[in-house]
Amino acid sequence: PRSTCTQEFSPPYMSFWTYNFESDPGWSTYLQKVSAMSDDQEAMEKLRKRYYKREVNTSWDESTDPRPGTKAQPSQPQPKPQQQQQQQQTNRSSGANASSRPAAGSAPTSTVSPFSEGFVSLRSIWFLANISVVLHCAWFTIPFIGHSMAIYQRALISAAVTYVIVLYTSVFKGRPFPGLNMQAWAPVLLNDNMHYLLMCVTVLNTSVPITLALIPLMICAFYHIMDNGSVLTRRVPMLNLLFDRARPLRSNAMLIVAYTEILTMVMLLFLTLTGAGSILSCLMYFQFLQMRFLTSANSRTVWGIIRATLDRWTDHARR
């Protein structure tokens, strides 16, 4: 849905830099989807520009709307063909001298490393790790080819990387380490990313792969890609059809996530009874379910449905 503040602006009021994003309810809704990376100022500015271009002023051009205190660069006229030939001859005649020494008044050239912060950022690693989760989970479901412990572990490790990055950027970045202060650890323990990190560590230690444990990770990673994959959809336009079909199913998909989280506990209990699992894994996963019940409305809804179903069965058995 488009922002409620969308309107046509006259040229004097097209400035992106003076737009009040805080009073725009559409921006708040859009920001909730990417709040995990909100501490990155450079990424936040890109998100504001993207939202402003899509929802507020579709004709906005950054080149004609400079930052306050700077002037827009006027467009230079294209040289005529005769001028281009003269310029090329001049460049050839002075090429030797220009290659041996820099021109007077020109800034020295510098080569940017491809591993600098602007090229490889935590946001890029987070996005690629989500793609890795979806691909490895899909690969793992292929019988006789992908059903191996190595692919199962890669999917869990990729998911753990995404949750660690989000925890670092949203909780720990720019702040002192909490240490043994339980009050400082309280918001960390209530964070959904901390819950799923505990889940990944728990099911990673099992000796037998649990396919149900990959379903919540795959669904969450898929919707993360859908919410932040504008660059990917421009490269692969066919993904827009898939994303358009998946958006209305988001609430049902989150209920499936809650169901599979509970069924994974049943599988862990079964593995423990057969000797393929450990009691410690069951205790850790039970703690995960407790935290999900406290923080997730979908989890409480599913537990309520299970309870109502069990009550209906017991009442029918008594009759």
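Here is what the cut-offs are and how they apply
Residues numbered from 1 in each chain as written. Predicted model: local features only at pLDDT ≥ 70, side-chain atom pairs only at ≥ 80, totals over all residues. Heavy atoms only, no water. 1 Å grid on protein atoms, 1.4 Å probe; cavity = no way out; pocket = protein on both sides within 12 Å on 5 of 7 lines; lining within 4 Å. Points joined across faces, edges and corners; volume = space filled by probe spheres on them. Helix = DSSP H or I, 4+ residues; strand = E, 2+ residues; numbered from the N terminus. Nonpolar A, V, L, I, M, F, W, Y, C, P; charged D, E, K, R; others polar. Expected span 1.5 Å × (residues − 1). Buried < 20%, exposed > 50% of the residue type's maximum accessible area, 1.4 Å probe, protein only. Contact = heavy atoms within 4.5 Å. Patch = residues over 30% accessible without salt bridge, like charges linked within 9 Å, V, L, I, M, F, W, Y side chains within 5 Å. Areas by Shrake-Rupley, 256 points an atom, 1.4 Å probe, with all protein chains shown as cover. Salt bridge = Lys/Arg side-chain N within 4 Å of Asp/Glu carboxyl O.

## A few points about empty space enclosed by the protein
One simple way to see leftover space: roll a probe sized like a water molecule over the atoms.
Move 1: On inspection of all chains with the given rule, the structure shows one cavity of 30 Å³ or more.
Move 2: Of the voids in this model, the largest cavity is the one considered here, and its volume is about 40 Å³.
Move 3: Within the residue set of the lining of the largest cavity, elements represented by two or more residues are helix H5 (122–140), helix H6 (149–172) and helix H9 (211–228).
Move 4: Per element, the largest residue contribution to the lining of the largest cavity is four residues, and it comes from H9.
Move 5: Residues belonging to the lining of the largest cavity are distributed by class as follows: six nonpolar, three polar and no charged.

## Digging into helix H12 (residues 250–274)
Move 1: Here H12 spans 36 Å end to end across 25 residues, near enough to the 36 Å set by a 1.5 Å rise per residue.
Move 2: All of the buried residues along H12 are Ala 253, Val 257, Ala 258, Thr 260, Glu 261, Ile 262, Thr 264, Met 265, Leu 268 and Leu 271.
Move 3: Buried residues belonging to H12 abut helix H8 (192–204), H9, helix H13 (279–295) and helix H14 (297–318).
Move 4: Note on H12: the residue one or two positions beyond its end, Gly 275, has a positive phi of about 90 degrees.

## Looking at a nonpolar patch on the surface
Move 1: A cluster of nonpolar side chains, namely Leu 122, Ile 125, Ile 157, Val 161 and Tyr 168, defines an oily patch on the protein surface of about 390 Å² accessible area.
Move 2: Broken down by secondary-structure element, the contributors of at least two residues to the nonpolar patch are H5 and H6.
Move 3: Here the nonpolar patch takes three residues from H6, the largest share from any one element.
Move 4: The topology assignment puts Ile 125 in helix H5.

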